[in-house]
Amino acid sequence: MKHIVSMDSAALIDSGVQQNYGIPAIILMEQAGTALSELFFDKFCSASDSVVFLCGTGNNGGDAMVMARNAFFKGFSSIKVIITKESLRDIPAIQLDIIRSLGIDTYVWENDRSICEEICSKADWIVEGLLGIGQKSELRQDIKSIVSFINNLDDIRIFSIDVPAGIYDDYGLIADVTVNVGVYKQECFFPSYRKRCGDIHLVEISFPPELIKRQSSGLLIEDISVFSDELNISRYSHKGDRGRIGVFAGSAGMLGAALLSGKSVLRTPSGYVYLFVGNDIFEQIYPIAGPLVVKKESDLQSFDFMDSVLVGPGWGRCENRVLLLSSILKKFDKGVIDADAIYSLKLLIDKEDVSLGTGWVLTPHIGECAFLLNTTVDKLLKNPLICQDFVNRHSCTLVLKSHVTWIFSPGNIAVYDGCFSPLGTAGSGDVLAGLIAGLLTAYTSSFSAACAGVIAHANAAKLLYKDKGWFSSDMLVDYIGLSLKEIGIEIYERER
Ligand SMILES: NC(=O)C1=CN([C@@H]2O[C@H](COP(=O)(O)OP(=O)(O)OC[C@H]3O[C@@H](n4cnc5c(N)ncnc54)[C@H](O)[C@@H]3O)[C@@H](O)[C@H]2O)[C@@H](O)CC1
Ligand SMILES: Nc1ncnc2c1ncn2[C@@H]1O[C@H](COP(=O)(O)OP(=O)(O)O)[C@@H](O)[C@H]1O
Ligand SMILES: [K+]
């Protein structure tokens, strides 16, 4: 399992390993530096590249110096070590003594600024060990000026150790590769900071799994294996067993969103899909709805049971919608609230005491979520964890969509590191909402259904992009069935 922890909790793991198990920091540093070197040499750089190891005064700089030593022993022809200032902390100071006694060229930024700048500008790679998990708030001016110089260099690649320097700072370092040491750092996956990390990797060191688990704030998810035991799709089932799903979507001029999300539900293992629309568009949508059963919203009273519902894609925003959402929430207990229905939900919450419950999944994008939570887009991008309070109050699941998607429910957090821009196309969110609504009938937990939906959505996009290049959302729907099957949402051979 890939746990994520906060940078502060990672420091507690560091100190816990030293105190509880007597493994000294210098051994951890040796392990970190060696694992980082192996990854760097294997995947990224060759012995003929010129590499600058840029070291701060703390242990992050110490890791970089262990890497420099390993590169020296590996026969790298051009390596240089730059330290920000002479006065290093204890362990990095030991590493520096070794570097100097090996005769590796070493420079001090605060003494020889212009030489250091020239060296950096000629390098193929800069290994950045300026600051790791010890960094607090915004960068100090001396480090800020180094970071800003590096960010403005062309034709150079940056390998950040653990976390990029200045992760909290609007002018922080922009890395090509970030390698988390020992455990994934949650801050690297905050949408604002994610863009500074480039490709994120992990190297393992002696962090006992129980210490990581104790500090874990959630899981980085890539596949559905962590949830698969909850799936229930029997080979003996028929359409009636696999779920009736009601889709409340579309309004005048927004038929596309209704069809897209409805067809997306149909591509999941669900059985029947009923599309509920207003009287004004019923005649228009009826002939083009394919296998969707189209009903009028006004007939809702005659439907007492749905296994799940989807409310919101292209639904429009008006007082009527708020009232209809209120009746839907009273009538059903499981479903997805997306797009325009997020807006209606917010108005409803402001007006009356709304109780959602564990069956409901909200799928806002960042802008919709900021509106729902009475916060700003910037605050959410810099700390998606502020969603936790909302999900705890409403006992629901919330999928915060962006280039990195965060999924919350009370006591659970999952992160899907998407970063695949073809998926950011109009209507892609409607497809995801349909997918999750369909999966809600296959999974016992809404959180698992939401996570599986996010994974299947992204996987469909990758399959489609590989086959066809850039795509539109209607094409994405056609890849959902294949994607679900590929990620392991299949028919079970035995009854459960
Ligand atoms: N402690 C351990 O057991 C291990 C630590 N490791 C490495 O050590 C790193 C953490 O080391 P440290 O705790 O020494 O911390 P850092 O090396 O991240 O930085 C600490 C230094 O940064 C300065 N600083 C803090 N905020 C700043 C800001 N905003 N602007 C400028 N300077 C700032 C502090 O004054 C302090 O001197 C990890 O990220 C990892 O790379 C690894 O070697 C694994 C083991
Ligand atoms: N750069 C990106 N990388 C990965 N996924 C992305 C990216 N940009 C957007 N997405 C995904 O695309 C979908 C867009 O949803 P949304 O904004 O609701 O679109 P729409 O309203 O057009 O349906 C979300 O699932 C989001 O996570
Ligand atoms: K760093």
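About the thresholds
- Residues numbered from 1 in each chain as written.
- Chains lettered and ligands numbered in written order.
- Predicted model: local features only at pLDDT ≥ 70, side-chain atom pairs only at ≥ 80, totals over all residues.
- Heavy atoms only, no water.
- UniProt positions renumbered as here; feature names shortened; annotations may be inferred.
- Donors = N, O, S within 2.8 Å, 3.2 Å for Na, K, Ca; no water.
- Helix = DSSP H or I, 4+ residues; strand = E, 2+ residues; numbered from the N terminus.
- Buried < 20%, exposed > 50% of the residue type's maximum accessible area, 1.4 Å probe, protein only.
- Near = heavy atom within 4 Å.
- Polar contact = N/O pair within 3.5 Å; in protein donor to acceptor, adjacent residues only side chain to side chain.
- Areas by Shrake-Rupley, 256 points an atom, 1.4 Å probe, with all protein chains shown as cover.
- Nonpolar A, V, L, I, M, F, W, Y, C, P; charged D, E, K, R; others polar.
- Phe/Tyr/Trp six-rings, centres within 6.5 Å; stacked < 30°, edge-to-face > 60°.
- Lys NZ or Arg CZ within 6 Å of the ring centre and 35° of its normal.
- Pairing = 2+ DSSP bridges.
- Axes fitted to C-alpha atoms, helices over the stretch in contact; angles between N-to-C directions.
- Contact = heavy atoms within 4.5 Å.

For the protein, an unreviewed UniProt entry supplies the name Bifunctional NAD(P)H-hydrate repair enzyme and the organism Rarispira pelagica. Taken directly from UniProt, the Subunit (unreviewed entry) text for the protein runs: "Homotetramer."

The next point concerns the coordination of the potassium ion (ligand 3). Bound to the potassium ion (ligand 3) are the protein donor atoms N60 (OD1), E128 (OE), E128 (OE), L131 (O), I161 (O) and V163 (O), situated 2.6 to 2.8 Å from the metal. In primary-sequence terms, the residues that donate to the potassium ion (ligand 3) follow N-x67-E-x2-L-x29-I-x1-V. Residue N60 is located in helix 3 (residues 59-73), and its partner E128 is located in strand 5 (residues 125-129); the two are separated by 68 residues in the primary sequence. Here E128 falls in the buried class, since its relative accessible area comes to 1%.

What follows covers the site of ligand 2. Neighbouring residues of ligand 2: 18 residues in total, closest K401, S402, F420, G427 and G429. Separating an oxygen atom of ligand 2 from a side-chain N or O atom of K401 is a distance of 2.7 Å. The side chain of T405 places a nitrogen or oxygen atom 3.4 Å from an oxygen atom of ligand 2. Look at ligand 2: alone it shows 580 Å² of surface, and the protein chains cover 76% of it. At 4 residues, the largest contribution of residues to the shell around ligand 2 is made by helix 16 (residues 428-439). Of the residues assigned to the shell around ligand 2, the class counts are 5 nonpolar, 11 polar and 2 charged.

This next bit is on the packing of aromatic side chains. Counting across every chain of the model gives 21 aromatic pairs. Ring geometry for F40 against F41: centres 6.1 Å apart, planes inclined by 45°, an arrangement best described as tilted. With respect to burial, F40 and F41 carry one shared label: buried. Between the aromatic rings of F41 and F76, the centroid separation amounts to 5.0 Å while the plane-to-plane angle is 40°, which identifies the pairing as tilted. Note that F41 is positioned in helix 2 (residues 25-44) and F76 in the loop between helix 3 and strand 3 (78-83), a separation of 35 residues in sequence. In terms of burial, F41 and F76 fall into one category: buried. Taken together, the ring pairs connect F40, F41, F44, F76, W125 and F159 into an aromatic cluster. Positioned over the ring face of F282 is K296, at 4.8 Å from the centre of the ring. Taking the ring centre of Y343 as reference, the NZ or CZ of R317 above it sits at 4.4 Å.

Attention now goes to the site of ligand 1. Among the 25 residues in the neighbourhood of ligand 1, the closest are listed as D63, R89, G132, K136 and D162. Between ligand 1 and the protein, one listed contact pairs an oxygen atom with a side-chain N or O atom of R89 at 2.7 Å. Contact between ligand 1 and R140: a nitrogen atom at 2.9 Å from a main-chain N or O atom of the residue. In isolation ligand 1 exposes 860 Å². Once the protein is present, 85% of that is buried. For the shell around ligand 1, the secondary-structure elements that each account for two or more residues are helix 1 (7-21), helix 2 and helix 3. Its residues placed into classes, the shell around ligand 1 shows 9 nonpolar, 9 polar and 7 charged.

Across the sheet, which stays open at both edges, the 7 strands sit in the order 4-3-2-5-6-7-9 with parallel pairing between neighbours. With partners counted over all chains shown, the strands left at the sheet margins are strand 4 (106-108) and strand 9 (199-203), one partner each. Within this sheet the neighbouring strands show an average axis-to-axis angle of 20°, counted without direction. Two elements, strand 6 (residues 157-161) and strand 7 (residues 177-181), share 3 bridges in a ladder whose sense is parallel. Paired with I161 across the two strands is V179, which belongs to strand 7.

Moving on to the UniProt feature "binding site: K(+)" (unreviewed entry) in the protein. Residues annotated by UniProt as "binding site: K(+)" (unreviewed entry) correspond here to N60. In this structure N60 comes out as buried when scored by relative accessible area, which is 9%. Residue contacts for N60: discarding those within four places in its chain leaves E128, G129, L130, L131, G132, I161 and D162.

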